[in-house]
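Structural features, examined
For reference, the chains in residue letters:
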Amino acid sequence: MKFSRRIMMALSGAFLLFGTLSAADATGFKIDFTKAVNDKNGIAGWVYKGKPGTDQAKFSVATLDGVKVLKAEAVNATGTILFDISKIDFRKYPIMRWKWRVDVLPTGADGRFSEKDDQAIGIYVGAGRWATTSVAYRWETDTPKKAEGDASYGMGMVSVKWFSVRNKEDKTGVWYVDECNIYEALNKLFKGKIPKKNLALSVTSNSQYTKSKAVAYLEYVEFLPEQAKSKDAR
């Protein structure tokens, strides 16, 4: 997923959001869409950022099996929505778990190659104001699962450490739950100095390079204590 300098600066500015987590209790933090509503820019409480000169991906609240979820759809398009998570102490809640589903994968997409760098959905956690650094967990098409890489956009002002969690080998139209130790990932990324402000959770959908279509859903993202780690975690 490439960014121009303009969109890179827009994304970094969006890390100054002042939203609140949709749910929180003593066991952790949960961001879901049970009370979310659509607005003219996508979803209330989230900030949308697109790419100049490229069609916009669409993010909306949908209902599947009686549950309100996020729907991400990109038709030869790209887009990102961002939510402020600066209040989360990742040392206390190191496990990030999310439930997602893909119905349509971008045709021939492969994150290892810039000309094919599309993903049906990606979950990003990052920090920064003028320059941004993120770790990303992506549902790829042709990229092998467990592949990882480093990407730099916007003349080096945007850097991403990405991981291929799922791909075309996984069933479409089926929900999966995945998780990672986000504290360890961020601690390594920021060399032991995780920023305490300007932190954002981002959801992306991209299909502009492959000139195809992508449709994906996200039910929730939650941040949990270490003891909540699943036995079958990936």
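As a starting point, this report considers the structure included with it. All of these numbers come straight from a predicted model, not from anything done at the bench. (Residues numbered from 1 in each chain as written. Predicted model: local features only at pLDDT ≥ 70, side-chain atom pairs only at ≥ 80, totals over all residues. Heavy atoms only, no water.)

The subject of this paragraph is the environment of G50. For G50, the location among the structural elements is in the loop between β5 (47-49) and β6 (55-56). Relative accessible area serves as the criterion here: at 16%, G50 is assigned to the buried category. The sequence separation of G50 and G79 amounts to 29 residues, and the corresponding C-alpha distance is 4.6 Å. (Helix = DSSP H or I, 4+ residues; strand = E, 2+ residues; numbered from the N terminus. Buried < 20%, exposed > 50% of the residue type's maximum accessible area, 1.4 Å probe, protein only.)

Looking now at helix α2 (residues 182-189). Those residues of α2 that fall on the buried side of the exposure criterion are I182, A185 and L186. Down the axis of α2, the smallest arc covering the buried residues is 90°, so these residues share one side. Opposite its buried face, α2 presents the exposed residues E184 and K188, each directed more than 90 degrees away. Looking at the buried positions of α2, the neighbouring elements they touch are β10 (95-104), β11 (121-128), β12 (132-139), β15 (176-181) and β17 (213-224). For α2, the N-terminal capping position is held by N181, with its side-chain oxygen 3.3 Å away from the main-chain nitrogen of Y183. (Arc of directions from axis to C-beta. Contact = heavy atoms within 4.5 Å. Polar contact = N/O pair within 3.5 Å; in protein donor to acceptor, adjacent residues only side chain to side chain.)

Moving on, we get to the pattern of salt bridges. Scanning the model with the defined rule gives 17 salt bridges in all. With a closest N to O distance of 3.7 Å, E222 and R97 form a salt bridge. You can see E222 sitting in strand β17 and its partner R97 sitting in strand β10, a full 125 residues away along the chain. Here E222 falls in the buried class, since its relative accessible area comes to 12%. Note on R97: relative accessible area 12%, which makes it buried. Note that E148 and K161 form a salt bridge whose closest N and O atoms lie 2.9 Å from each other. Note that E148 is positioned in strand β13 (residues 148-153) and K161 in strand β14 (residues 158-166), a separation of 13 residues in sequence. Of the residues examined, E148 reaches a relative accessible area of 47% and is grouped as partly exposed. Via salt bridges that share partners, K145, R166, E169, D170 and D178 belong to a single interconnected network. (Salt bridge = Lys/Arg side-chain N within 4 Å of Asp/Glu carboxyl O.)

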